[in-house]
Amino acid sequence: MSGFRGRDVLSIRDLSRADIDLVLRTAKKMVPIAVGEKRSRSLEGKILSTLFYEPSTRTRLSFESAMARLGGRALGFSGSEGTSVQKGESLADTVRMVEAYSDAIVLRHSHEGAARLAAEFTDKPVINAGDGAGQHPTQTLLDLYTIWDEKGTFEGQNVALVGDLKYGRTVHSLTYALAELGSHLIFVSPETLEMPREILEHVKERGLSFRVAHRLEDVIRDADVVYATRIQKERFPDPQEYEKVAGSYRIEVDMLRDAKRDLIIMHPLPRTTEIAPEVDRTKHAVYFKQAFNGVPVRMALLDLILGGGA
Amino acid sequence: MRELRVTPIKNGTVIDHIPAGLALKVLKILGIGDAVASTVTVAMHVPSQAMGWKDIVKVEDRELGSREIDKIALIAPSATVNVIRNYNVAEKRRVTLPDRAVGILRCANPNCISNVKEPIESEFLVRSKSPLRVVCKYCDRELEDIVAHIL
């Protein structure tokens, strides 16, 4: 039996290497169920609350799909309109109420630390589905699953994280996780959006070497994985400057000529202009598969936490 | 007869060995402003054998709660707190920095859940005592200007 039963998942940093390994291996077993080839009733009778104070298509639907594929049910809300939240109910009170209706709670909230607060007010397991600019551990787990599933290992892989590394929460969490798992990291961003110093220090403390680069063209040849993220317009005071910077991190088909044959390109989606649509047709593109992987990974996590036993 | 710069107090608290220059911050922590009922004496830049220079704060007719002492520890871990009763030192306490600072600091991140109307107290984990570094338990951010965020 794993140590997952009844546990909160608030930050990827709460999970050990062995925990991550267990989630990934369990997720692999879930794939035939996730695609509807096999049936499972392992969470029959279990109810998951999905409290989405901020709308999120992918995360909420994949949690609900995951629960349904395992024979359980999901209930909840998306956006706080029409709920008691709008009447000024505190998160603490909402969680205490919802705890009576379900076996586990998935929470997406606009404020950092919301999931940790929620976990303090309930004995039911809380899964953080994104708290403001903070943590989104199930996104990190599905990112890790995608790399592991495609490459078979993390160790020695050259993983290039590209785009807004300063504010992007997915790349922060992924960096912490990959630093534990032994990948070689390449940080590619404009100078104004570089990875925060404390995260670079953390990678250094883990004894790993990394590279900081400003041009995608300089690293694409060495990369085994390119993880592209969105550069947001609001980070730039001058719209022209934004166009220039965002354009220089766009992945085009002709850039891939020098790339490794088995390079994979990932993106947490939604994308805007970071990856040219022509790239979708290359064998490098795995971002839609990555989005699908959210289902088996969340199935694995729910099954481990709610104790269905895969 | 040697003239005393600061006279002894009958009842109250003497906070001694405050690093020179921090006395006014200690006053801020104790909430000593316009409306104070008793006499407060502040001595700044006093020669000290152990520290070279130090500040001293004496507050009459008031004994400090443990939370106030924790707050002082955040900015002056070297300070000593003497409780005076009837001109005698009734208790001598050295401030100690707790591992967790509960309810005494405000998170600087405006988007942190601890700054929203929720029934919780702020909580910071002390990551390093010297230099003092604290991290918000909720949003995980390090607090940059600790003194400015004392509640």
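From a predicted model like this one, the values you see are computed outputs, not experimental measurements. (Residues numbered from 1 in each chain as written. Chains lettered and ligands numbered in written order. Predicted model: local features only at pLDDT ≥ 70, side-chain atom pairs only at ≥ 80, totals over all residues.)

1. Observations regarding the overall build of chain A
Summing up its helical and strand segments, chain A has 9 helices and 9 strands in all. In summary, chain A has a C-alpha radius of gyration of 19 Å against a globular reference of 19 Å for 310 residues, a match within 12%. For chain A, the C-alpha atoms occupy an extent of roughly 55 × 45 × 40 Å along the three principal directions. In chain A, buried positions account for 48% of the 310 residues. Looking at chain A alone, contacts between residues at least 24 apart form 74% of all its contacts between residues at least 6 apart. (Helix = DSSP H or I, 4+ residues; strand = E, 2+ residues; numbered from the N terminus. Rg over C-alpha atoms; globule rule 2.2 N^0.38 Å. Buried ≥ 20, exposed ≤ 12 C-beta atoms within 10 Å, placed from the backbone. Contact = placed C-beta atoms within 7 Å.)

2. Here's the deal with the nonpolar core
All names here are of chain A. Counting residues in each nonpolar core, the largest one holds 122 residues, and the members touching the most others are Leu161, Val226, Tyr227 and Ile265. Here this core takes 10 residues from helix 9 (residues 287-306), the largest share from any one element. Non-local contacts of Val226, meaning those with residues more than four positions away in its chain, are made with Ala160, Val162, Ile220, Ile251, Leu263, Ile265 and Met266. (Core = buried A, V, L, I, M, F, W, Y, C linked by C-beta atoms within 7 Å.)

3. A few points about the sheet that holds strand 4 (residues 80-85) of chain B
Strand pairing in a sheet relies on backbone hydrogen bonds. The paired strands run either parallel or antiparallel. All names here are of chain B. Strand order in the open sheet formed by 5 strands is 2-3-1-4-5, with antiparallel pairing between adjacent strands. Looking at the sheet topology across the chains shown, the edges are occupied by strand 2 (40-48) and strand 5 (88-94). Averaged over neighbouring strand pairs, the angle between their axes works out to 20 degrees when direction is ignored. (Pairing = 2+ DSSP bridges. Axes fitted to C-alpha atoms, helices over the stretch in contact; angles between N-to-C directions.)

4. Topic: the interface of chain B and chain A
Listed as interface residues are 14 residues of chain B and, on the opposing side, 12 residues of chain A. Partitioning the side of chain B that touches chain A into residue classes produces 7 nonpolar, 3 polar and 4 charged. (Nonpolar A, V, L, I, M, F, W, Y, C, P; charged D, E, K, R; others polar.)

5. Focus on helix 2 (residues 57-69) of chain A
Residue and element names in this part refer to chain A. With 13 residues, helix 2 extends 18 Å from end C-alpha to end C-alpha; this agrees with the ideal 18 Å at 1.5 Å per step. Among all positions of helix 2, only Thr59, Arg60, Ser62, Phe63, Glu64, Ala66, Met67 and Arg69 are buried. For helix 2, the secondary structure elements touched by its buried residues are helix 1 (17-34), strand 1 (47-52), strand 2 (73-78), strand 3 (104-109), strand 4 (126-131) and helix 9. Positive backbone phi, approximately 85 degrees, marks Gly71, located one or two places after helix 2. (Expected span 1.5 Å × (residues − 1).)

6. Here we look at the packing of helix 6 (residues 169-181) of chain A against helix 7 (residues 197-205) of chain A
All names here are of chain A. With their axes 9 Å apart at the nearest point, helix 6 and helix 7 run at an angle of 10 degrees to one another. When the interaxial angle is binned, helix 6 and helix 7 end up roughly parallel. Contacts from His172, Thr175, Tyr176 and Ala179 of helix 6 reach helix 7 at Ile199, His202 and Val203. Of the residues belonging to the contact of helix 6 with helix 7, the class tally is 4 nonpolar, 3 polar and no charged. (Parallel < 35°, antiparallel > 145°, perpendicular 65-115°, else oblique.)

7. Structural notes on the domain arrangement of chain A
Residue and element names in this part refer to chain A. Here the domain parsing of chain A yields domain 1 (12-135 + 292-306) and domain 2 (138-290). Its C-alpha centre places domain 1 at a distance of 26 Å from the equivalent point of domain 2. At the interface, 19 residues of domain 1 touch 19 residues of domain 2. Residue assignment for the side of domain 1 that touches domain 2 shows that the elements contributing at least two residues are helix 1, strand 4 and helix 9. Taken together, the residues that form the side of domain 1 that touches domain 2 break down as 11 nonpolar, 4 polar and 4 charged. (Domains from an automatic or database assignment.)

8. Topic: the pairing of strand 8 (residues 225-228) of chain A
Residues and elements named next belong to chain A. Burial along strand 8 is two-sided: the residues Val225 and Tyr227 and Val226 and Ala228 are all buried. Pairing between strand 5 (residues 158-162) and strand 8: 4 bridges, direction parallel. Bridged to Val159 within strand 8 is Val225. Of the strand pairs in this sheet, strand 8 and strand 9 (residues 264-266) are connected by 3 bridges, and their pairing is parallel. If you follow Val226 over to strand 9, its bridge partner there is Ile265. As for the winding sense of the linkage, the β-α-β connection from strand 8 through helix 8 (residues 239-248) to strand 9 is right-handed. (Right-handed = clockwise from strand over helix to strand, strands pointing away.)

9. Section: the sheet that holds strand 8 of chain A
Residues and elements named next belong to chain A. The strand order across the open sheet built from 5 strands is 7-6-5-8-9, with neighbouring strands paired in parallel fashion. Edge positions in the sheet fall to strand 7 (210-213) and strand 9, since each of these pairs with one other strand and no more. The sheet shows a mean angle of 20 degrees between the axes of neighbouring strands, taken without regard to direction.

10. Overview of the domain arrangement of chain B
Reports often express the size of an interface as the amount of accessible area lost when the parts come together. By domain assignment, chain B separates into domain 1 (12-94) and domain 2 (100-149). Relative placement of domain 1 of chain B and domain 2 of chain B: their C-alpha centres are 24 Å apart.

11. Re unusual backbone geometry
For the bond from A:Leu269 to A:Pro270, the omega torsion is 0 degrees, close enough to zero to count as cis. Following the sequence through the fold, A:Pro270 ends up in the loop between strand 9 and helix 9. With an omega of -5 degrees, the peptide bond running from B:Ser130 to B:Pro131 counts as cis. Although it is not a glycine, B:His17 sits at a positive phi angle of roughly 60 degrees. Tracing the backbone through its elements, the reader meets B:His17 in strand 1 (residues 12-19). For B:His17, a count of 19 C-beta atoms within 10 Å gives the class partly exposed.

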